[in-house]
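# Analysis of the macromolecular model
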Amino acid sequence: MTDDSSQPVRVVVLSGPSGSGKSTIVQRLIRECPVPIRQSISATTRAPRPGEVDGEHYHFLTLAEFETQRKNGEFLECAEVHRTGNWYGTLWSEVDVAQKLKMWSLLEIDVEGAQSVMRMYPHAITIFVTLPSLDEYERRLRARGTESEEVLQRRLQTAREELKMAGCYRHQIVNDDLDTAVQAICRILATHQAEINAR
Ligand code: 5GP
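Procedures and definitions
Residues numbered from 1 in each chain as written. Predicted model: local features only at pLDDT ≥ 70, side-chain atom pairs only at ≥ 80, totals over all residues. Heavy atoms only, no water. Helix = DSSP H or I, 4+ residues; strand = E, 2+ residues; numbered from the N terminus. Rg over C-alpha atoms; globule rule 2.2 N^0.38 Å. Buried < 20%, exposed > 50% of the residue type's maximum accessible area, 1.4 Å probe, protein only. Contact = heavy atoms within 4.5 Å. Areas by Shrake-Rupley, 256 points an atom, 1.4 Å probe, with all protein chains shown as cover. Near = heavy atom within 4 Å. Polar contact = N/O pair within 3.5 Å; in protein donor to acceptor, adjacent residues only side chain to side chain. Salt bridge = Lys/Arg side-chain N within 4 Å of Asp/Glu carboxyl O. Phe/Tyr/Trp six-rings, centres within 6.5 Å; stacked < 30°, edge-to-face > 60°. Pairing = 2+ DSSP bridges. Axes fitted to C-alpha atoms, helices over the stretch in contact; angles between N-to-C directions. Parallel < 35°, antiparallel > 145°, perpendicular 65-115°, else oblique. Left-handed = near helix turned anticlockwise from the far one by under 90°.

## Section: the overall build of the protein chain
A count of helical and extended segments in the protein chain gives seven helices and nine strands. Against the globule reference of 16 Å for 199 residues, the protein chain gives a C-alpha radius of gyration of 16 Å, in line with a compact fold. In terms of overall dimensions, the protein chain has a C-alpha envelope of 50 × 40 × 30 Å along the principal axes. Classification of the 199 residues of the protein chain by burial places 48% in the buried group. In the protein chain, 67% of the contacts between residues at least 6 apart in sequence involve partners at least 24 apart. Accessible surface computed for the protein chain: about 10100 Å², of which carbon and sulfur atoms make up 50%.

## Observations concerning the site of the ligand
Around the ligand sit 17 residues in total, of which Ser42, Arg46, Tyr58, Tyr88 and Asp110 are the nearest. Note that an oxygen atom of the ligand is positioned 2.5 Å from one of the side-chain N or O atoms of Tyr58. Glu108 places a polar main-chain atom, nitrogen or oxygen, 3.5 Å from a nitrogen atom of the ligand. Protein contact buries 95% of the 520 Å² of open area that the ligand shows by itself.

## Brief notes about the pattern of salt bridges
Throughout the structure, instances matching the rule amount to 14 salt bridges. For the salt bridge of Lys22 with Glu108, the shortest nitrogen-to-oxygen distance reads 3.6 Å. Placement of Lys22 in helix H1 (residues 22-32) and of Glu108 in strand E7 (residues 104-108) is noted, with a sequence separation of 86 residues between them. By relative accessible area, which is 15% here, Lys22 ends up buried.

## Quick word on the packing of aromatic side chains
The final tally for this structure, using the stated rule, is five aromatic pairs. Judged by centre distance (6.2 Å) and plane angle (50°), the rings of Phe66 and Trp87 are tilted. With a gap of 21 residues between them, Phe66 in helix H2 (residues 63-71) and Trp87 in strand E6 (residues 87-91) connect regions that are remote in the sequence. With relative accessibility at 1%, the residue Phe66 sits in the buried group. Of the residues examined, Trp87 reaches a relative accessible area of 29% and is grouped as partly exposed.

## Thoughts on the sheet that holds strand E9 (residues 171-174)
Taken in spatial order, the five strands line up as E2-E7-E1-E8-E9 in an open sheet, and their pairing is parallel. Each of the sheet's edge strands pairs with one partner strand only, and the pair in question is strand E2 (37-39) and E9. Across the sheet, the mean angle from the axis of one strand to that of its neighbour is 25°, orientation sign disregarded. Alignment of strand E1 (residues 11-15) against strand E8 (residues 125-130), held across four bridges, turns out to be parallel. Bridged to Leu14 within E8 is Ile127.

## Notes on the environment of Phe60
Following the sequence through the fold, Phe60 ends up in strand E4 (residues 59-60). Sequence separation between Phe60 and Asp110 is 50 residues, and the spatial gap between their C-alpha atoms is 17 Å. When neighbours within four sequence positions are excluded, Phe60 is seen to be in contact with Thr44, Arg46, Ala47, Pro48, Glu52, Val53, Asp54 and Glu65.

## Quick look at the packing of H1 against helix H7 (residues 178-198)
Relative to each other, H1 and H7 sit at 55°, their axes nearing to 10 Å. Classed by the angle they form, the pair H1 and H7 counts as oblique. Viewed along their axes, H1 and H7 form a crossing whose handedness is right-handed. For the pair formed by H1 and H7, the contact residues are Thr24, Ile25, Arg28, Leu29 and Glu32 on the first element and Leu178, Asp179, Ala181, Val182, Ile185 and Cys186 on the second.

Pasting the structure below:
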């Protein structure tokens, strides 16, 4: 959003605790959403998980590379997430590509990053995905089985803290049924797209 300020900003921020099903929702939105939408591929310093592909799931960077890009102002926002020592950030280049294509950028980011985006773009669509209960979060996290017990406990604690932030988002979606959650988000986006089209 560097070169054409006459264009409305099409940014969707999706946050929610680990295990809330955000990533699945993102995949479904990219496939099914009636509005043109593109996933912003974040940069991260965390190691790739099995099956993750550089440039597809994340731009995997060393801490030194991340720091250089941060100093060069290449990030719209960045944060150390879940107190793991791992940094994550949204690259301007990702959002610019979508903006030029008149597509929405879909940012799946944590609550700290989301707050930076809200400050920068008060009109961004912000959606917090949540689950009916913390027991359900824990069950889903364990079912995923990608974290050690220590990391899992830290993520649960982060989830408790993140849930307190849900009210800062323009929309809260309870993901107790995936289809219903995806449809609700599609409706939100369609409404905003119609507003833009009507301008
Ligand atoms: P994971 O390591 O499980 O892929 O992601 C951990 C967390 O990092 C998720 O809660 C996700 O929302 C957050 N995250 C991913 N990309 C970004 C980003 O670009 N910026 C920020 N602030 N958080 C991110």
